[in-house]
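Notes for the structure review
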Amino acid sequence: MTTVGTLFIALGVLVLLLASSGLFVLKDALSRQHAATKAGSLGVVMIVSGAALIGGNWSWGWRALVIVILVWLTMPVASHVLARAAMRESRSKDEVSDTNLQG
Amino acid sequence: MMIILLVLIVFGCVGLGVLRFVLGPSDADRIVALDILFSSAVALCTFAALSTQRVLFLDIALGVALISFVATLAWSRLLEKRNSDKEEI
């Protein structure tokens, strides 16, 4: 149980590292959001469930379950709103540069 | 010993997030960096629970996850509202 939990936590940390390196590899706010939110939610869920496996107790288990359900309910909503804001911002910036070119 | 290495890697994630938060050309980049920072905070709370063997830190992780949702939602709604106001002008 401890070995599986440690493996889960190591994989989750790796996914979190990938997500945060995506902040620098990708060029656009929209694609950065794509990398960060998706991979971030998977990483957090893997870390928390690995901790529940290491704890091996229901007092760890149901707390981890609540965190997993909360993250999986809220992360898509937050990422959708964030993507819409990023899209609007890039579009308004494009319009500003277009008017500058025309003027 | 394993957990110290993992905590150091998560600190690296926090460093990358802070760097993007400071550098970020647009405000949307800053919100994305904030998301990464909150995910790292949940991970660090879990590591604190593991290293002290106290389940109490998982409750703190739950609270941090809730704050992350509300903060991301509020800030991106603010950004969206500001841009739509700019378009009307």
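Computed from a prediction, not measured in an experiment: that's the story for all the values here.

1. Describing the overall build of chain B
In terms of regular secondary structure, chain B is built from three helices and zero strands. For chain B, whose C-alpha radius of gyration is 16 Å, the value lies well above the compact-globule estimate of 12 Å for 89 residues. In terms of overall dimensions, chain B has a C-alpha envelope of 55 × 25 × 10 Å along the principal axes. Buried residues in chain B amount to 39% of all 89 residues. A fraction of 45% describes how many contacts in chain B between residues 6 or more apart in sequence connect residues 24 or more apart.

2. Quick notes on the overall build of chain A
Scanning chain A from N- to C-terminus turns up three helices and zero strands. Listing every helix and strand of chain A by position from the N terminus yields α-α-α. Once local pairs closer than 6 in sequence are excluded, the contacts in chain A between residues at least 24 apart make up 66%.

3. Concerning the interface of chain B and chain A
Taken residue by residue, the interface counts 42 residues in chain B and 42 residues in chain A. The residue makeup of the side of chain B that touches chain A, split by class, is 24 nonpolar, nine polar and nine charged.

4. Examining the confidence of the model for chain B
Residue and element names in this part refer to chain B. Averaged over chain B, the pLDDT score is 89; the fraction of residues at 70 or greater is 96%. Taking the mean pLDDT of every element in chain B, the minimum, 87, falls on helix α3 (residues 56-88) and the maximum, 92, on helix α2 (residues 27-52). In the model output, the complex is listed with pTM 0.88 alongside ipTM 0.86.

5. Overview of the packing of helix α1 (residues 2-23) of chain B against α2(B)
Residues and elements named next belong to chain B. Relative to each other, α1 and α2 sit at 160°, their axes nearing to 9 Å. On the basis of their axis angle, the class for α1 and α2 is roughly antiparallel. As α1 runs across α2, the sense of the crossing is left-handed. Along the contact surface, α1 presents Ile 3, Leu 6, Val 7, Val 10, Cys 13, Val 14, Gly 17, Arg 20 and Phe 21, while α2 presents Asp 29, Arg 30, Ala 33, Leu 34, Ile 36, Leu 37, Ser 40, Ala 43, Leu 44, Phe 47, Leu 50 and Ser 51. Residues that form the contact of α1 with α2 fall into these classes: 15 nonpolar, three polar and three charged.

6. Looking at the nonpolar core
With 53 residues, the main nonpolar core has A:Ile47, A:Val48, A:Ala51, B:Val32, B:Ile36, B:Val42 and B:Ala43 as its most contacted residues. Counting only elements with at least two residues in this core, the list comes to α1 (2-25), α2 (29-55) and α3 (58-102) of chain A together with α1, α2 and α3 of chain B. Ranked by residues supplied to this core, first place goes to α2(B) with 16 residues. With residues near it in sequence (within four places) discarded, B:Val32 still touches A:Leu23, A:Ala29, A:Arg32, A:Gln33, A:Ala36 and A:Leu82.

Rules and cut-offs
- Residues numbered from 1 in each chain as written.
- Chains lettered and ligands numbered in written order.
- Predicted model: local features only at pLDDT ≥ 70, side-chain atom pairs only at ≥ 80, totals over all residues.
- Helix = DSSP H or I, 4+ residues; strand = E, 2+ residues; numbered from the N terminus.
- Rg over C-alpha atoms; globule rule 2.2 N^0.38 Å.
- Buried ≥ 20, exposed ≤ 12 C-beta atoms within 10 Å, placed from the backbone.
- Contact = placed C-beta atoms within 7 Å.
- Nonpolar A, V, L, I, M, F, W, Y, C, P; charged D, E, K, R; others polar.
- pLDDT = per-residue confidence, 0-100.
- Axes fitted to C-alpha atoms, helices over the stretch in contact; angles between N-to-C directions.
- Parallel < 35°, antiparallel > 145°, perpendicular 65-115°, else oblique.
- Left-handed = near helix turned anticlockwise from the far one by under 90°.
- Core = buried A, V, L, I, M, F, W, Y, C linked by C-beta atoms within 7 Å.

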